[in-house]
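Structural characterization, general
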Amino acid sequence: SLGLRNDGSVMCLGSNVHGQAPPAGIPGDFIAIDAGFIHSMALRRNGSIAFWGDNEEGKAPPDGVEGDFNMISAGSRHSLALRRDGSIA
């Protein structure tokens, strides 16, 4: 389970077998989080996206994704993000 704290940091509970919890020391600048089956994603204030966990099918790029995003969604085996211009990535 993931929780978004008021300061923008992420709190995680439960198993972290696939590395789906963010590593310690990640700056607390997140405005949205979502958890998939064995990966997690978080939207930063600057519109970029951070990912953690299993990337077997390319759903969680370890270096994140830069961009002007404003919404995210993590599924069982996929990740989606909506850009401010309305396009989907």
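Calculation criteria
Residues numbered from 1 in each chain as written. Predicted model: local features only at pLDDT ≥ 70, side-chain atom pairs only at ≥ 80, totals over all residues. Heavy atoms only, no water. Helix = DSSP H or I, 4+ residues; strand = E, 2+ residues; numbered from the N terminus. Rg over C-alpha atoms; globule rule 2.2 N^0.38 Å. Buried < 20%, exposed > 50% of the residue type's maximum accessible area, 1.4 Å probe, protein only. Areas by Shrake-Rupley, 256 points an atom, 1.4 Å probe, with all protein chains shown as cover. Lys, Arg positive; Asp, Glu negative; His and termini not counted. Charge placed at Lys NZ, Arg CZ, Asp CG, Glu CD. Pairing = 2+ DSSP bridges. Axes fitted to C-alpha atoms, helices over the stretch in contact; angles between N-to-C directions. Core = buried A, V, L, I, M, F, W, Y, C linked by side-chain atoms within 4.5 Å. pLDDT = per-residue confidence, 0-100. Phe/Tyr/Trp six-rings, centres within 6.5 Å; stacked < 30°, edge-to-face > 60°. Salt bridge = Lys/Arg side-chain N within 4 Å of Asp/Glu carboxyl O.

The next thing to look at is the overall build of the protein. Assigned secondary structure in the protein consists of zero helices and seven strands. Ordered by position from N to C terminus, the α and β elements of the protein give β-β-β-β-β-β-β. For 89 residues, the compact-globule estimate of 2.2 N^0.38 gives 12 Å, and the protein sits close to it at 12 Å. The principal-axis extents of the C-alpha atoms in the protein amount to approximately 35 × 30 × 20 Å. Within the protein, the proportion of its 89 residues that are buried is 34%. As presented, the protein carries roughly 5,200 Å² of accessible surface, and 51% of it is formed by carbon and sulfur atoms. Placing the 7 positive and 10 negative side-chain charges of the protein at their respective mean positions leaves the two points 4 Å apart.

What follows covers the sheet that holds strand 4 (residues 39-44). Across a sheet, strands are paired by hydrogen bonds formed along the backbone, either parallel or antiparallel in direction. Read from one edge of the open sheet, three strands run 3-4-5, paired in antiparallel fashion. Where the open sheet ends on each side, the last strands, each with one partner, are strand 3 (30-35) and strand 5 (49-53). Averaged over all pairs of adjacent strands, the angle between strand axes in this sheet comes to 15 degrees, irrespective of strand direction.

Here the focus is the nonpolar core. Core analysis: the largest hydrophobic core is formed by nine residues, namely Met 41, Leu 43, Ile 49, Phe 51, Ala 60, Phe 69, Ile 72, Ala 74 and Ala 81. If you list the elements that add at least two residues to this core, you get strand 4, strand 5 and strand 6 (69-74). It is strand 6 that contributes the most residues to this core, three residues altogether.

The subject of this paragraph is the pairing of strand 6. Looking along a regular strand, one sees side chains alternate from face to face of the sheet. Note that strand 6 and strand 7 (residues 79-83) share five bridges and pair antiparallel. Looking at strand 7, one finds that Ser 73 is bridged to Leu 80. Linking two consecutive strands that pair antiparallel, namely strand 6 and strand 7, is a turn of four residues.

So, on to the confidence of the model for the protein. In this model, the protein carries an average pLDDT of 87, and 98% of its residues clear a pLDDT of 70 or more. For the protein, the element scoring lowest by mean pLDDT is strand 2 (residues 10-12), at 84; strand 6 scores highest, at 96.

Per the stated rule, a full pass over the model turns up one aromatic pair. When the centroid spacing of 5.8 Å and the interplanar angle of 75 degrees are considered together, the rings of Phe 30 and Trp 52 count as edge-to-face. Taken together, the residues Phe 30 in strand 3 and Trp 52 in strand 5 connect sequence positions 22 residues apart. Neither Phe 30 nor Trp 52 differs from the other in exposure class; each is buried.

Take the pattern of salt bridges next. Under the defined criterion, the tally for this structure stands at two salt bridges. One salt bridge connects Arg 44 with Asp 29, and the closest N-O pair in it is separated by 2.7 Å. Here the residue Arg 44 occupies a position in strand 4, and Asp 29 occupies one in the loop between strand 2 and strand 3, the gap between them amounting to 15 residues. Judged by its relative accessible area of 18%, Arg 44 is buried. Owing to a relative accessible area of 23%, Asp 29 belongs among the partly exposed residues under this scheme.

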